[in-house]
Amino acid sequence: MAKKQGKKEAGAGGGPYSATVTTPVTDFNLRANSVVREPQIQAFWEQQQVYERLAAENPGEPFTLHDGPPYANGDLHIGHALNKVLKDIINRYQLLRGRKARFVPGWDTHGLPIELKVLQGLPAAERAALDTLGLRAAAKDYALATIDAQREQFKRYGVWADWAAPYITLQPEYEAAQLRVFGKMFLNGHIYRGKKPVHWSPSSRTALAEAELEYPEGHTSTSIYVAMPITSLGPNLPAEVQSVLGAPGVRAAFAVWTTTPWTIPANLAVAVNADLDYCLVRAEGEGAAGWHSDHLVVAEALVNSLAEKFSAPLQVLASFKGACLEGCHYSHPLCERVSPLVLGGDYITTDSGTGLVHTAPGHGQEDYQVGLKYGLPLLSPVDDAGCFTDEAGPAFAGLAVQGEGNTAVVDALAAAGVLLKQEQYAHKYPYDWRTKKPTIFRATSQWFASVEGFRSQALEAIRGVSWVPGVGQNRITAMTEGRNDWCISRQRKWGVPIPVFYDKQSGEPLLTDETLEHVTALVAQHGSDVWWTAPIEQLLPPGLAHLAPTLVKGEDTMDVWFDSGSSWAGVVQARQQQGLRFPADLYLEGSDQHRGWFQSSLLTSVAATGSAPYKQVLTHGFVLDERGNKMSKSLGNVVDPRSVISGGKDERKEPAYGADVLRLWVASVDYSTDVMIGGGILKQVSEAYRKLRGTLRFLLGNLADYDPAQHAVPYEALPAVDRWLLAQHAALMAEVAEAYDTYQFRRVFQAVLNFVSGDLSSFYLDAAKDRLYIQDAASSSRRACQTVQAAVLQGLLSSIAPLVPHMAEDAWLNLPQPSRAAASSSSSNGSSSSDSSSSSGAESVFLAGWAAPQQQWGSLSQQELACWAALPAVREAFTKTMEAARADKAIGSTQEAAVALHVSEPCMAAWLAGLNAAGNAADELRCLLITSEVTLVGSAEEAAAGALASASVDTGAEAAGVVTVGVRRAAGSKCARCWMYSTQVGQLSSEHPELCERCLPVVEGLGFKLPGAGAKVAAAV
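Since we're looking at a predicted model, the values are computed, not measured. (Residues numbered from 1 in each chain as written. Predicted model: local features only at pLDDT ≥ 70, side-chain atom pairs only at ≥ 80, totals over all residues. Heavy atoms only, no water.)

## Regarding the overall build of the chain
- From N to C terminus, the chain includes 34 helices and 35 strands.
- Relative to the compact-globule value of 31 Å for 1021 residues, the chain shows a C-alpha radius of gyration of 39 Å, a clear excess of over 25%.
- If one aligns the C-alpha atoms of the chain with their principal axes, the spans along those axes are about 130 × 75 × 50 Å.
- Across the 1021 residues in the chain, those meeting the buried criterion constitute 56%.
- Considering only intrachain contacts with a sequence separation of at least 6, the fraction spanning at least 24 residues in the chain is 76%. (Helix = DSSP H or I, 4+ residues; strand = E, 2+ residues; numbered from the N terminus. Rg over C-alpha atoms; globule rule 2.2 N^0.38 Å. Buried < 20%, exposed > 50% of the residue type's maximum accessible area, 1.4 Å probe, protein only. Contact = heavy atoms within 4.5 Å.)

The following block contains the structure:
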């Protein structure tokens, strides 16, 4: 049953004529009751298959926003909410505009975090007994259970998607598509196996990609300065240097510096920069006491800083270029090995250290490259657990390199007399992003994607993509230009296997297009478990099955970034028949994905197809608390999206705001940078939500008796104020559309809120209440106002539907059927969805499509728009004068006033005179200023003469100039129905002596009789 608005408006204040006042009527409640109502609306969408109908039947082109898969581990956090809501806003807008925006959600399910979760949840005995297939089965069960939980949380945000048919990286069809990408890259020559140093996580016992690293603040390393004793001199050293070093008793050394003492056992060279200046120095003083070598070679620019650091004066004996040192040799201080001095590159500087670089090709990328140049062996005496092997020497074997092994090396160097200095050094150091423990660089045999082989293609593809914001292009370009070959193999069990066989004797890999095709077909049919369940002869193609006794299966799995980076093939390409489009129109993720998913997707796509997998890439920042701090459970500042929606344990501190307030927060922030959220921020957003909801309620209530087919007023017959509002609304819709098209949702939020709070509520609807409540329900002026409100409401619902879809849908479902039918038929998306334009109107606001403004709404002249723009200055001058009159207790409400008004600008004065003479009960200045009488006068003096209060205000508006307002008490008596003053009150009817000339015909037309007719009417309210 329809209910009246709870608040009594002017003229309805409980007087004898309140029953004759037309107040708003609607079931759309000001209180959202989101905890109950939002799930009901979501159930309605599912029952009506609104998303499915639009995605399949919209007339426009497909729009594909490809979902970057969240990891199937744990509950969703506020960053997930930001990401998925942004995507949903974009998709809902595209659907409203008539495009087929099908959204396939995804999950990343392989990799170490899930493997560790499974293992950590088992008792020690079960963990020890778990074989590979048992681990994989448990990991799969865990991932699928997590997906089910996360899916329900995403759906509660109001996100539309193919929830029944997501893509999951453990699905056989997805794994097969991933193997096809791997196969194309291999056959194109971009995949190879090699031994080289890679990021290795001892805590995870696997190789890591750059995207799996993090660099936390506060890391310190033990740094050491070491003397490497010179054993022979090169032919290019100046004669004076050779004579000094050849003198009897001179013990000379190359001084090196490192922050990883544990790599010293693997040292195979010392590198210098050929172009830097070096010098031979003699060390003196107590600081050099106990050193094996009293002569050192260091960079000339660092002599003074090193002397201070060593507490030993350094006397320069000779200077020379680094190139002169090539050909020299030195002895390793901890083992019987002589190694060369070599020429490195620009990475050797004088910013820190000694200018000479300790070089271990098995433990550093630059070291490895130098080692290749000079033919150095690849020594890496460290095992999978990060402990020294026997190759490091009996004193170190078995010790953890990042613990006691590091200390043991330092102690051994000190005992040998070659430790020049030891100190703590703060710097950035890579950590495993999963275990939060430091990694090492370690040479192992791995599979690599040769980025160098397609780097130029990748850079060209980057230039062909639209990056929003534009700085994203610079970031991914720099990362692609500087990245090394991509290590794609992992030493784990829960993942997609690298489908390679190895010869038992030689270790040579067997990997061909034939073997790839055969294994891929098996995986497509049985899933990747087949690699572990099937014997080798079944995994080999029939023509090679006879080799099975000589082969073993590879045990490496693929980097999870290769998993998700293949989604363009496993999803976008694979589901083109289901409405997706390749390349995708848009990728949208956090800004950290320039080094993650954006890059892995780009590299795999370019290597396999020669092109980028996306046309446009949009990024967002991270979510911080409302003080700008990173969220942390230990700090107690974590904002859980479930608590935002459903309320926390203490609902006074964490009230249940509902999904729409969470979504409106997403729309309100500048997501191009880091964003903040907290209790205070959410309260502000909820107030904006309530303002929007209250305005929708008011508009809906005023349309209860409006049938557009019978009551709509043609544009040409509308009062000027109505045409102006439609012009403002058209401008709003244009701005909103442009903002949506450029992903500026904050601009949508601000534009809509400013329009609703300003032009619509503070002015138009405030002034329109007299028309809506007091005038005859069927009057042309009231019908004109309803016509405009219906148009504005339809546009507002389109504008906010992508942001707050539950509220927009709730309002649509409460829109009277005639208005709903008219709104459906006038939508601009041309939707052919069944019943979307039936006689009863579209079932959903989304099926109704985008409410584009009519072209004629923007036809007001510039002069007229300028005058309307200056009118608020006139109203402000009136308000200030009224405040002065009230302060003097000369007058009460604005209805008691008669206003004399003078405007200095002739054009504005003439325009106001035209409004005042309109006679349509809408444009007159008494209606716009909500007062009983307004008279335009010829001078400021005339306006002020005899006034209770007056003021001249320089409006600052060019069109208005100086406005002078004089306020007097209105003549006549107060009407008991409209509360305006008129000299005719008491002169028109003995039955209704307290009514004015406007209200009497309305009351008589209603046949209304006062209670106790014939008795004296009670005193006016």
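## Things to note about the environment of A739
- Here A739 is to be found in helix α24 (residues 720–741).
- Look at A739 and you get buried, because its relative accessible area is 0%.
- Measuring from C-alpha to C-alpha, the distance between A739 and A890 comes to 49 Å, with 151 residues separating the pair along the chain.
- Not counting residues up to four positions away in its chain, the partners in contact with A739 are Q744, R747 and V748.

## Some words on the side chain of T480
- Topologically, T480 is positioned in helix α13 (residues 471–482).
- Non-local contacts of T480, meaning those with residues more than four positions away in its chain, are made with R455, A458, L459, I462, Q599 and L602.

## Regarding the pattern of salt bridges
- Taken as a whole, this structure holds 41 salt bridges when the rule is applied.
- The residue E212 makes a salt bridge to R490 at a minimum N-O spacing of 2.6 Å. Of this pair, E212 sits in the loop between β5 (206–208) and β6 (213–214) while R490 sits in strand β21 (residues 489–490); the two residues are 278 residues apart in sequence, bridging distant segments of the chain.
- Residue class for E212 comes out buried when judged on its relative accessible area of 2%.
- R490 sits in the buried class, given a relative accessible area of 4%.
- Between E555 and K493 there is a salt bridge, and its shortest N-O distance comes to 3.8 Å. (Salt bridge = Lys/Arg side-chain N within 4 Å of Asp/Glu carboxyl O.)

## Observations concerning the packing of aromatic side chains
- Per the stated rule, a full pass over the model turns up 35 aromatic pairs.
- Centroid distance Y167 to Y174: 5.8 Å. Interplanar angle 10 degrees. Geometry classified as stacked.
- The exposure class assigned to Y167 is buried, which follows from its relative accessible area of 1%.
- We classify Y174 as buried; its relative accessible area is 1%.
- Where Y587 meets W597, the ring centres are 4.3 Å apart and the plane angle is 15 degrees; that geometry is what we call stacked. In this pair, Y587 sits in strand β26 (residues 586–590) while W597 sits in helix α19 (residues 597–609), placing the two residues 10 residues apart along the sequence.
- Accessibility expressed as a relative area gives 0% for Y587, which makes it buried.
- Chaining the aromatic ring pairs together yields one cluster made of Y93, Y671, Y740, F745 and W850. (Phe/Tyr/Trp six-rings, centres within 6.5 Å; stacked < 30°, edge-to-face > 60°.)

## Quick notes on helix α31 (residues 906–916)
- Turning to α31, its buried residues are M908, W911, L912 and L915. End-on, the buried residues of α31 take up no more than an arc of 100 degrees, which puts them together on one face. Residues of α31 that are exposed and point more than 90 degrees away from the buried face comprise P906 and A910.
- Looking at the buried residues of α31, the elements they touch are α24, α30 (862–887), β30 (897–903), α32 (925–929) and β31 (933–936). (Arc of directions from axis to C-beta.)

## Quick look at the sheet that holds β26
- Across the sheet, four strands lie side by side as β1-β26-β27-β19; this open sheet has parallel pairing. Two strands lie at the open edges of the sheet, namely β1 (65–66) and β19 (466–468), each paired on one side alone.
- The sheet contact formed by β19 and strand β27 (residues 616–620) spans three bridges and is parallel. Looking at the pairing, W467 lines up with V617 of β27. (Pairing = 2+ DSSP bridges.)

## A word on the packing of helix α21 (residues 659–668) against helix α22 (residues 679–701)
- For the pair α21 and α22, the least separation of the axes is 9 Å and the interaxial angle reads 105 degrees. By the criterion of interaxial angle, the relationship of α21 to α22 is roughly perpendicular. Counted together, D660, V661, L664, W665 and S668 of α21 and I681, L682, V685, S686, A688, Y689 and L692 of α22 form the full contact between these two elements.
- Split by residue class, the contact of α21 with α22 holds nine nonpolar, two polar and one charged. (Axes fitted to C-alpha atoms, helices over the stretch in contact; angles between N-to-C directions. Parallel < 35°, antiparallel > 145°, perpendicular 65-115°, else oblique. Nonpolar A, V, L, I, M, F, W, Y, C, P; charged D, E, K, R; others polar.)

## Details of the confidence of the model for the chain
- Here the chain averages 92 in pLDDT, while 96% of its residues score no lower than 70.
- Within the model, the stretch residues 1–13 combines pLDDT values under 50 with 31 contacts to residues more than four positions away or in other chains.
- The low-confidence segment residues 1014–1021, where pLDDT is below 50, has 12 contacts with residues more than four positions distant or belonging to other chains. (pLDDT = per-residue confidence, 0-100.)

## A look at the nonpolar core
- Residues W665, L760, L796 and W868 are the most contacted members of the largest nonpolar core, which totals 177 residues.
- Looking at this core element by element, the count peaks at 16 residues for helix α25 (residues 745–774).
- Within the second largest apolar cluster, 74 residues are counted, among which are F320, L341, V409 and V418. (Core = buried A, V, L, I, M, F, W, Y, C linked by side-chain atoms within 4.5 Å.)

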